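# Structural features, examined
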Amino acid sequence: MSIMTLLPFIVLIGAMFLMTRSAKKKQQAAQQMRNEMQPGTGVRTIGGMYATVKEIHEETVLLEVAPGVHAIYAKNAIGAVLADEEYNRILDGADPITGEDKPVVPDDVSSLTGADEATEKGDKAGKIDLGKAEAGDDAAVAEADKAKDAEADKADKTDKTDKTDEPAAKGDAAKDGKAGDADAK
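Description of the structure in this document. (Residues numbered from 1 in each chain as written. Predicted model: local features only at pLDDT ≥ 70, side-chain atom pairs only at ≥ 80, totals over all residues. Heavy atoms only, no water.)

## Points about the overall build of the protein
Helix and strand counts for the protein stand at 6 helices and 5 strands. Reading the secondary structure of the protein in the N-to-C direction produces α-β-β-β-β-β-α-α-α-α-α. Within the protein, the fraction of its 185 residues that count as buried is 11%. The long-range share in the protein, meaning contacts at least 24 apart out of those at least 6 apart in sequence, stands at 36%. If you sum the accessible surface of the protein, you get close to 15600 Å²; carbon and sulfur atoms cover 57% of it. (Helix = DSSP H or I, 4+ residues; strand = E, 2+ residues; numbered from the N terminus. Buried < 20%, exposed > 50% of the residue type's maximum accessible area, 1.4 Å probe, protein only. Contact = heavy atoms within 4.5 Å. Areas by Shrake-Rupley, 256 points an atom, 1.4 Å probe, with all protein chains shown as cover.)

The following block contains the structure:
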């Protein structure tokens, strides 16, 4: 056998060795992290729940998930052991400390577009008000009702004209004899 036929197998075995080696290193690091847990340490489970370690046993950990609420988890369910500062920041909901040179992202789009705050009338136009109209809005409501009634009348008139045209079209087709036979069947 030549070295050229064995080369793909050698490369494949080498790649598998490197992959298993890195996976073992990750497992060892995770195991070391779990072994370094102390009561009072903040942790994040693999499910994303934050809790405080109360007791550590051989294969399990007693976690306080809320004041006075305790739960037993497997040690393997601990995803990360958090530093005290980070854990307190997450529990308190405080914003992380941002540097002065980092840009601040606004909460809304209006500050990005440069538009002033929308007027009260503009805000109402985009929303449906299901409550009673205020006394000053009676004229606007009446005007909107009149416009709706006018549109409804137009729709009724076009429906009536369409209906009157239909019998004439049927009569013309019946005279031809072709459509009349199809309707009779």
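## Notes on the sheet that holds strand β5 (residues 78-82)
Taken in spatial order, the 5 strands make up an open sheet running β4-β3-β2-β1-β5, and their pairing is antiparallel. Across the chains shown, the open sheet's two edge strands, defined by having one partner strand only, are β4 (69-74) and β5. Going from strand to strand, the sheet's axes swing by 45° on average, the running direction of each strand aside. (Pairing = 2+ DSSP bridges. Axes fitted to C-alpha atoms, helices over the stretch in contact; angles between N-to-C directions.)

## Some details on the nonpolar core
M37, V43, A51, V53, V61, L63 and I78 together form the largest nonpolar core, which totals 7 residues. Broken down by secondary-structure element, the contributors of at least two residues to this core are β2 (50-56) and β3 (60-66). (Core = buried A, V, L, I, M, F, W, Y, C linked by side-chain atoms within 4.5 Å.)

## Digging into the pairing of strand β1 (residues 42-45)
The pairing of β1 with β2 spans 3 bridges and is antiparallel. By the bridge assignment, V43 is partnered in β2 with A51. The antiparallel pairing of β1 with β2 creates a hairpin that spans 4 residues between the two strands, and G48 there sits at a positive phi of about 95°. As defined by bridge partners, β1 adjoins β5 across 4 bridges and the pair is classed as antiparallel. What sits directly across from T45, in β5, is I78.

## A look at a negative patch on the surface
Judged by side-chain charge, D145, D149, D153 and D156 come together as a negatively charged surface patch. Position of D153 relative to the elements: it lies in helix α5 (residues 138-176). (Patch = residues over 30% accessible without salt bridge, like charges linked within 9 Å, V, L, I, M, F, W, Y side chains within 5 Å. Salt bridge = Lys/Arg side-chain N within 4 Å of Asp/Glu carboxyl O. Lys, Arg positive; Asp, Glu negative; His and termini not counted. Charge placed at Lys NZ, Arg CZ, Asp CG, Glu CD.)

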